[in-house]
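If you want the building blocks of each chain, they are given just below.
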Amino acid sequence: MDFNGSDTIPGPRTEDHLPHTAQAAVKIVIVGGFGVGKTTMVGSVSEIRPLTTEETMTQAGIGVDDNYGSESKTATTVAMDFGRISITDKLVLYLFGTPGQERFWFLWNGLFEGALGAVVLVDTRRLEVSFDVMGRLEERGVPFVVAVNSFPDAPRYPTEELRTALDLAPEIPILDCDVRRRASSKEVLMTLMRFLHSIALSGALT
């Protein structure tokens, strides 16, 4: 994210080792276009110090990377972001943030491998970049929720209008969020877990 005060806000950090009560670990990917807040989300919610692979942006990216709405952005993820959050004493989520620029999308296939679900971060100023992102998830059969990140200068639309614009199925959750806030980022992840649980239940009943 690129507006004032958008630096990663650290949540409470723990030791890097897993809680001794943990019984299950789930891989979640956080995807989206360039500058939508993936690194910020991982950093705000992770209970361990997040691993980032940000590099300083250079002149080489001019004309290649679409930085509309992110003109003040000085660094970008070139491989992945990584964090961890304990949802309960027994369930741990491993978070993998993907690079946003199209020239790094070849890395996505490896990051999607083994993922139980995904969060698609959306910037309403650049809705069109979300279609390729969601298309890749659908191709791989990865369930996802859509989180509309809050930017001060971004237009706001009713949820159902956004659902129509993004061509989302009625059952796919869509919610507003502020990825700088730990509670907001955690609620996005909880929404994803509830969605995955509902899919598992419906599968068990059919």
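The shown structure was predicted, so the numbers you read here are calculated from the model rather than taken from an experiment.

Cut-off values and rules
- Residues numbered from 1 in each chain as written.
- Predicted model: local features only at pLDDT ≥ 70, side-chain atom pairs only at ≥ 80, totals over all residues.
- Heavy atoms only, no water.
- Phe/Tyr/Trp six-rings, centres within 6.5 Å; stacked < 30°, edge-to-face > 60°.
- Helix = DSSP H or I, 4+ residues; strand = E, 2+ residues; numbered from the N terminus.
- Lys NZ or Arg CZ within 6 Å of the ring centre and 35° of its normal.
- Pairing = 2+ DSSP bridges.
- Axes fitted to C-alpha atoms, helices over the stretch in contact; angles between N-to-C directions.
- Contact = heavy atoms within 4.5 Å.

Under the counting rule described, the total for this entry stands at two aromatic pairs. Ring centres 5.8 Å apart and planes at 20° place the aromatic pair Phe 82 and Tyr 94 in the stacked group. Within this pair, whereas Phe 82 is found in strand 4 (residues 81–86), its partner Tyr 94 is found in strand 5 (residues 91–97), the two being separated by 12 residues in sequence. Following the ring pairs from residue to residue traces out a cluster consisting of Phe 82, Tyr 94 and Phe 96. Positioned above the aromatic ring of Phe 96 is the side chain of Lys 27, whose terminal nitrogen or guanidinium carbon lies 4.8 Å from the ring centre. Here the basic side chain of Arg 125 rests over the ring of Phe 151, its NZ or CZ set 4.5 Å away from the ring centre.

The strand order across the open sheet formed by six strands is 4-5-1-6-7-8, and the pairing between neighbours is mixed. In the strand order of this sheet, the two ends are held by strand 4 and strand 8 (174–177), each with one partner. Strand-to-strand twist in this sheet, taken as the mean axis angle between neighbours without regard to direction, amounts to 25°. The sheet contact formed by strand 1 (residues 24–32) and strand 5 spans seven bridges and is parallel. Directly across from Val 26, in strand 5, lies its bridge partner Leu 93. Helix 1 (residues 38–45) contacts strand 1, strand 4, strand 5 and strand 6 (117–122) of the sheet and is inclined by roughly 35° relative to strand 4. Taken strand by strand, helix 4 (residues 159–166) contacts strand 7 (144–149) and strand 8, and its axis lies near 115° from that of strand 8.

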